[in-house]
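In case you want the letters, here they are:
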Amino acid sequence: MSQQLAAPTNAPGPQAALGSAVRLWLQAYRVEVTLFAVAFFVLAAFSAQRFWRQSAAPHFVYQSKAWLEGRSDIDPEVLPNLEDWACVRDLGGKKVRCEGQPLATDRWYSSFPWFPAVVMLPFVVVNGYQFNDTSFGVIVGALAVALFFSLLRVLKNTEGTQTTVMDDALTSLLLGFGTLFFYAAIRGELWFSAEVMGVGLTALYLLNAVGARRPVLAGVFWSMAVMTRTPLFFTGLFFFLEVAAPERGARVAQLKAFFGKPGEKLKVLGRFVMGAAPLGVLAAGYNLTRFGSLTEFGHRFFFNNRVNRDIDTFGLFNLHYLTRNLDAAFLKLPLIGKNPVMLGYDAWGLSLFITLPLLALCFVPAAQQKRALQLVGAFVGLLIASAMFAPLPPPAGEPPIGWRPVALWLLFALVLAFIAWSAWQWVTSKDAPRLLVPTLLTLLACTLPGLAYQNTGYAQFGFRFSLDYTPYLLLLIPLAGWSWKKPLPLTLALLAIVVNFWGAVGFSGYTEGERLREERERARIQQQGR
């Protein structure tokens, strides 16, 4: 009896048990850890001096600090600049945009979706206004690459995608370095850091949404993504389709059956809503407190901003903006100088057919390599036509983008029709993967509303808003069965890396412009002092 009660002398202590658990975790997730490390060091290296300094657009940092001070608005005395801040003035009980000289009673807010500020809170507690949003963005970017790999492995296990660990690792690295993610992840600045965090949260959402396997968590991460990048609201369609019409084929019949008698599926959707509701309710209340409306997030209150004229005339969303967004996303070409010879980018954007040549693999299965080559040819032909057809002069007061000859728009429509036809043939084929339809429909749902948005993303290396749906585009590549060992995918991948390497080293944005202005001002003051 005494022998049975005696404690074993070689039982591991708490530290040994923790060390064993860490080793097991590292072994289980060794590829993810390796991808994180590689992505972190490469992104940090390309971030260069920016890595050690806060960006010139640290809006999320200032929002976090304001919360810690017990206020929803930002103290105007500490604003680092006046770029893209919302200013609200109370006129007779009505909230209006500040005009003219700011008043002491005006309230200043960050009108951008605020979840990144929530994530930064623990770090701002320690570092205050000085928290480095640039290095933080690099870490988030590296995490997004690793999380995307985890998503691809889930597809391998649940959907039977014909990919190896190396294939999925390369696809994840291509997300990090072969898309616009590369130049966005090394900058800090709220416009880019939100896009990068949105990619990581999209991966977490999809990890739980595939097969509707974890409805509550899917709802939680979806709401986080939406509170980071508003267009990701439309990606909720993916989870809905996974619940209402999950089987391959006869999707319309499945939807009719769901709306006729949802049964247990309605409970699954209810759990998703339960996960998403807390942040959604909080966001609506926060909007009401700041801007006087449950659905107003604040861009109408931008102070002294170039977009105000458009917003006042056409609103935040209008088909008037369609051509300028299509131009920025698909038709813009590099700037080529002759004297001196130089290659530059257009700050309005650079065609996705250049920055994301992998598009040729996204709408056709690997068995149809000839069709993929035809898509490449269509992209090249459109780009050549874009160079041949000179842009039209814009009307007075309009930006110099979106004004193209009708012939070029017709050619662009033909290219889009060719893409749509190729995708339709794949969807209707007998071997179409189960997730193809929900992925394509979610891609469309996330893409189309943004084309009617008042902002093209200026200034940018490439159409940065495409990062909202880039994860869905890249998911189509393993679903199609493409292997990076084949010449065409490998060639397109290398081209994508070269182009986005250029973006990472060549793009000079708001932070660089602000620091250059500061240096010139210091030089002017020193010159006057002499």
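Nothing here was measured: the structure is a model prediction, and the numbers come from that model. (Residues numbered from 1 in each chain as written. Predicted model: local features only at pLDDT ≥ 70, side-chain atom pairs only at ≥ 80, totals over all residues. Heavy atoms only, no water.)

### Quick notes on the environment of Gly280
Put simply, the rule is: The numbering of helices and of strands both runs from the N terminus, where a helix is a DSSP run of H or I of at least 4 residues and a strand a run of E of at least 2.
On the secondary structure map, Gly280 appears in helix α13 (residues 264–291). As for Gly280 and Ala328, which are separated by 48 residues in sequence, their C-alpha atoms are 31 Å apart.

### Let's talk about the pattern of salt bridges
The condition that has to hold: By definition here, a salt bridge exists when the distance from a side-chain nitrogen of Lys or Arg to a carboxyl oxygen of Asp or Glu is within 4 Å. Per-residue accessibility, obtained with a 1.4 Å probe over protein chains only, is compared with the maximum for each type, and a residue is labelled buried under 20%, exposed over 50%, and partly exposed between these values.
Scanning all chains against the criterion turns up 18 salt bridges. A salt bridge links Arg107 to Asp73, with the nearest nitrogen and oxygen atoms 3.8 Å apart. Separated by 34 residues along the polypeptide, Arg107 in strand β3 (residues 107–109) and Asp73 in the loop between α4 (59–68) and β1 (86–91) bring together distant segments of the chain. Its relative accessible area of 38% is what places Arg107 among the partly exposed residues. Judged by relative accessible area, Asp73 falls into the buried class, the value being 9%. For Arg89, the salt bridge is made with Asp106, and the minimal N-O distance between the two is 2.9 Å. Here the residue Arg89 occupies a position in strand β1, and Asp106 occupies one in the loop between β2 (94–97) and β3, the gap between them amounting to 17 residues. Relative accessible area serves as the criterion here: at 12%, Arg89 is assigned to the buried category.

### Observations concerning the nonpolar core
In summary, soluble globular proteins display a tendency toward joint burial of nonpolar side chains. Rules: Only buried Ala, Val, Leu, Ile, Met, Phe, Trp, Tyr and Cys residues count toward a nonpolar core, and they belong to the same one when joined by side-chain atoms within 4.5 Å. Here a residue-residue contact requires only that any non-hydrogen atoms of the pair lie within 4.5 Å.
In this structure, Tyr205, Phe239, Phe353, Leu358, Phe363, Phe461 and Leu476 are the most contacted members of the largest nonpolar core, which totals 153 residues. When neighbours within four sequence positions are excluded, Tyr205 is seen to be in contact with Ala218, Phe221, Trp222, Thr235, Gly236, Phe238, Phe239, Phe272 and Tyr472. Membership of the second largest hydrophobic core comes to five residues, among which are Ala86, Tyr109, Phe291 and Phe301.

### Re unusual backbone geometry
Put simply, Tyr458 and Ala459 share a cis peptide bond, and its omega is -5 degrees. Among the structural elements, Ala459 can be located in the loop between α19 (436–447) and α20 (470–480). A positive phi is found at Ala212, a non-glycine position, where the angle reads about 50 degrees. For Ala212, the position within the fold is in the loop between α9 (190–209) and α10 (215–226). Using a relative accessible area of 13% as the deciding quantity, one classes Ala212 as buried. The phi angle at Asn304 is positive, at roughly 50 degrees, despite the residue not being glycine. In this structure, Asn304 sits in the loop between α13 and α14 (308–314). Given a relative accessible area of 68%, Asn304 falls into the exposed group.

### A closer look at the packing of aromatic side chains
Short version of the rule: Two rings belonging to Phe, Tyr or Trp (six-membered ring only in the last case) form a pair when the distance between their centres is within 6.5 Å. Interplanar angles under 30 degrees mark stacking, angles over 60 mark edge-to-face geometry, and anything in between is tilted.
Inspection of the entire model under this criterion finds 45 aromatic pairs. Between Trp222 and Phe233, the ring centres sit 5.6 Å apart and the planes meet at 45 degrees, which makes this aromatic pair tilted. Of this pair, Trp222 sits in helix α10 while Phe233 is found in the loop between α10 and α11 (236–244), placing the two residues eleven residues apart along the sequence. Classification of Phe233 as partly exposed rests on a relative accessible area of 46%.

### Observations regarding α4
Within α4, seven of the ten residues are buried, which leaves it mostly tucked inside the rest of the structure. Where α4 is buried, its residues touch α5 (115–127), α6 (133–159), α9 and α13. Positive phi appears at Gly70, one or two residues downstream of α4, with a value of about 80 degrees.

### Examining the side chain of Asn325
So the rule is basically this: Contacts described as polar in this section are N or O atom pairs within 3.5 Å, which, within protein, must combine one atom able to donate a hydrogen with one able to accept it, while residues neighboring in sequence count only if both atoms come from side chains.
For Asn325, the location among the structural elements is in helix α15 (residues 322–331). Within the structure, Asn325 has its side chain in polar contact with the backbone oxygen of Leu451 (distance 3.2 Å). Not counting residues up to four positions away in its chain, the partners in contact with Asn325 are Gly450, Leu451, Ala452, Tyr453, Asn455, Thr456 and Phe463.

### Considering the pairing of strand β4 (residues 335–338)
As a reminder of what qualifies: Pairing between two strands is assigned when DSSP locates at least 2 bridges connecting them.
Here β4 pairs with strand β5 (residues 341–344) via four bridges, running antiparallel. Across the sheet, the residue bridging to Lys338 is Val341, located in β5. Once β4 ends, the chain turns through two residues before running back antiparallel as β5.

### Focus on the state of the cysteines
The condition that has to hold: Criterion for a disulfide: a pair of cysteine sulfur atoms at a distance within 2.5 Å.
Under the counting rule described, the total for this entry stands at one disulfide. The disulfide that involves Cys87 links it to Cys98, with 2.1 Å between the sulfurs. Classification of the bridge connecting Cys87 and Cys98 rests on its S-S torsion, roughly -75 degrees, and on that basis the disulfide is left-handed. Of this pair, Cys87 sits in strand β1 while Cys98 sits in the loop between β2 and β3; the two residues are eleven residues apart in sequence, bridging distant segments of the chain.

### Examining the sheet that holds β2
Operational definition: Geometry is summarised by axes, namely lines fitted to C-alpha atoms with helices restricted to the contacting stretch, and by angles between N-to-C directions that run from 0 to 180 degrees.
The antiparallel open sheet is built from three strands, whose spatial order is β2-β1-β3. Every interior strand has two partners, whereas the edge strands, β2 and β3, have only one. Pairwise comparison of adjacent strand axes, ignoring direction, gives a mean angle of 35 degrees for this sheet. Bridge count between β1 and β2: four bridges; the pairing is antiparallel. Across the sheet, Leu91 pairs through a bridge with Lys94, a residue of β2.

### Focus: the packing of α19 against α20
Note the following rule: For classification, angles of less than 35 degrees are called roughly parallel, those exceeding 145 degrees roughly antiparallel, those between 65 and 115 degrees roughly perpendicular, and all remaining angles oblique. With the far helix as reference, a near helix turned anticlockwise by less than a right angle produces a left-handed crossing, and one turned clockwise produces a right-handed crossing.
Contact pair α19 / α20: the axes reach a minimum separation of 10 Å and the direction vectors enclose 155 degrees. Between α19 and α20, the crossing angle belongs to the class labelled roughly antiparallel. The hand of the α19/α20 crossing is left-handed. Residue-level contacts link Leu436, Thr439, Leu440, Thr442 and Leu443 of α19 to Tyr472, Leu473, Leu475, Leu476 and Leu479 of α20.

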